Amino acid sequence: MKAALISGSSSGIGRAISEKFLETGIKVIGLARDHSKFKPDEKNYIPIEADLSKVKRLPELMKFILKENPDIDVFVSGAGYGDFKSLENFSSLQIENFINLNLVSHIILCRAIVAHMKSNGNGDIFILGSEAGVIGKKKATLYSAAKFGLRGFAQALRNEAGPAGVRVCLINPGMVRSPFFDTLEFEP
């Protein structure tokens, strides 16, 4: 492994993966909205601040990242947040922003990275889904919609990219004790 791009690198599972990669000497390009929560004293960590819910900006961002870091051969697609309430309690704008970050941004980032990896003939993509992408539950309508979408996306992308040497893995964790729950009314 040469270098890893990790979305959601400053908190939760993305941060834990970033820390492990850095411990083993792997260069990490970290995408996050706020890097103040995670500032490793590490030359191998390259923080890139970005609001991934602003999906129209992502193609240009990925073009820049891949130009500056052509050695990326791993992508961990982990950015996201949870908001759990009945569907009628979300505004149209909240729905759009939630789906943009938790589903659409993953697809757009993968679109750029898979083209890069296919041209290199190898690569690994890890998409962080959720058990909510396997079984929908009350007050998780948007979260489940996004995670079910990621599940189908990962399965199809695996079939598309596999023949070109790109491996795609979907990880569906259950509740993991992390800052993800800081703003929620429940915890693991």
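Thresholds applied
- Residues numbered from 1 in each chain as written.
- Predicted model: local features only at pLDDT ≥ 70, side-chain atom pairs only at ≥ 80, totals over all residues.
- Heavy atoms only, no water.
- Helix = DSSP H or I, 4+ residues; strand = E, 2+ residues; numbered from the N terminus.
- Pairing = 2+ DSSP bridges.
- Axes fitted to C-alpha atoms, helices over the stretch in contact; angles between N-to-C directions.
- Left-handed = near helix turned anticlockwise from the far one by under 90°.
- Contact = heavy atoms within 4.5 Å.
- Phe/Tyr/Trp six-rings, centres within 6.5 Å; stacked < 30°, edge-to-face > 60°.
- Buried < 20%, exposed > 50% of the residue type's maximum accessible area, 1.4 Å probe, protein only.
- Core = buried A, V, L, I, M, F, W, Y, C linked by side-chain atoms within 4.5 Å.

Let's talk about unusual backbone geometry
With a phi close to 65°, K139 is a non-glycine residue in the positive phi region. Residue placement: K139 occurs in the loop between strand 5 (123-128) and helix 4 (141-161).

Description of the sheet that holds strand 2 (residues 27-32)
Taken in spatial order, the 6 strands of this open sheet run 3-2-1-4-5-6, and their pairing is parallel. Both outer strands of the open sheet, strand 3 (45-49) and strand 6 (166-171), are each paired with one neighbouring strand and no more. Going from strand to strand, the sheet's axes swing by 15° on average, the running direction of each strand aside. By the bridge criterion, 5 bridges tie strand 1 (residues 3-7) to strand 2 in an arrangement that is parallel. The residue bridging S7 from the neighbouring strand is L31, located in strand 2.

Considerations on the packing of helix 2 (residues 58-68) against helix 3 (residues 92-120)
Describing two packed helices takes the angle between their axes plus the distance from one axis to the other. One way to put it is that helix 2 packs onto helix 3 with a least axis distance of 10 Å and a crossing angle of 35°. Along this stretch, helix 2 crosses helix 3, giving a crossing that reads as right-handed. When helix 2 is examined against helix 3, the residues L58, P59, M62 and L66 are found in contact with a partner set consisting of S105, I108, L109, A112, I113 and H116.

Focus on the packing of aromatic side chains
Scanning the model with the defined rule gives 4 aromatic pairs in all. Where Y81 meets F98, the ring centres are 5.0 Å apart and the plane angle is 75°; that geometry is what we call edge-to-face. Taken together, the residues span a long stretch of sequence, with Y81 in the loop between strand 4 (72-77) and helix 3 and F98 in helix 3 at a distance of 17 residues. Accessibility expressed as a relative area gives 29% for Y81, which makes it partly exposed. Judged by relative accessible area, which is 0%, F98 ranks as buried. A centroid spacing of 5.0 Å and a plane angle of 55° characterise the contact between F84 and Y143, whose relative ring orientation is tilted. Taken together, the residues span a long stretch of sequence, with F84 in the loop between strand 4 and helix 3 and Y143 in helix 4 at a distance of 59 residues. A relative accessible area of 10% means that Y143 is categorised as buried. Taken together, the ring pairs connect Y81, F84, F98 and Y143 into an aromatic cluster.

So, the nonpolar core
As a rule of thumb, nonpolar side chains are buried together in soluble globular proteins. Formed by 40 residues in total, the largest nonpolar core has its most connected members in L5, L31, L52, I65, I113, I125 and I127. Breaking this core down by element, the ones donating at least two residues are strand 1, strand 2, helix 2, strand 4, helix 3, strand 5, helix 4 and strand 6. Ignoring any residue separated from it by four or fewer positions in sequence, one finds I127 in contact with S77, C110, L150, F153, A154, V168, C169, L170 and I171. One finds A4, L22, F38 and L128 within the second-largest nonpolar core, a separate group that totals 11 residues.

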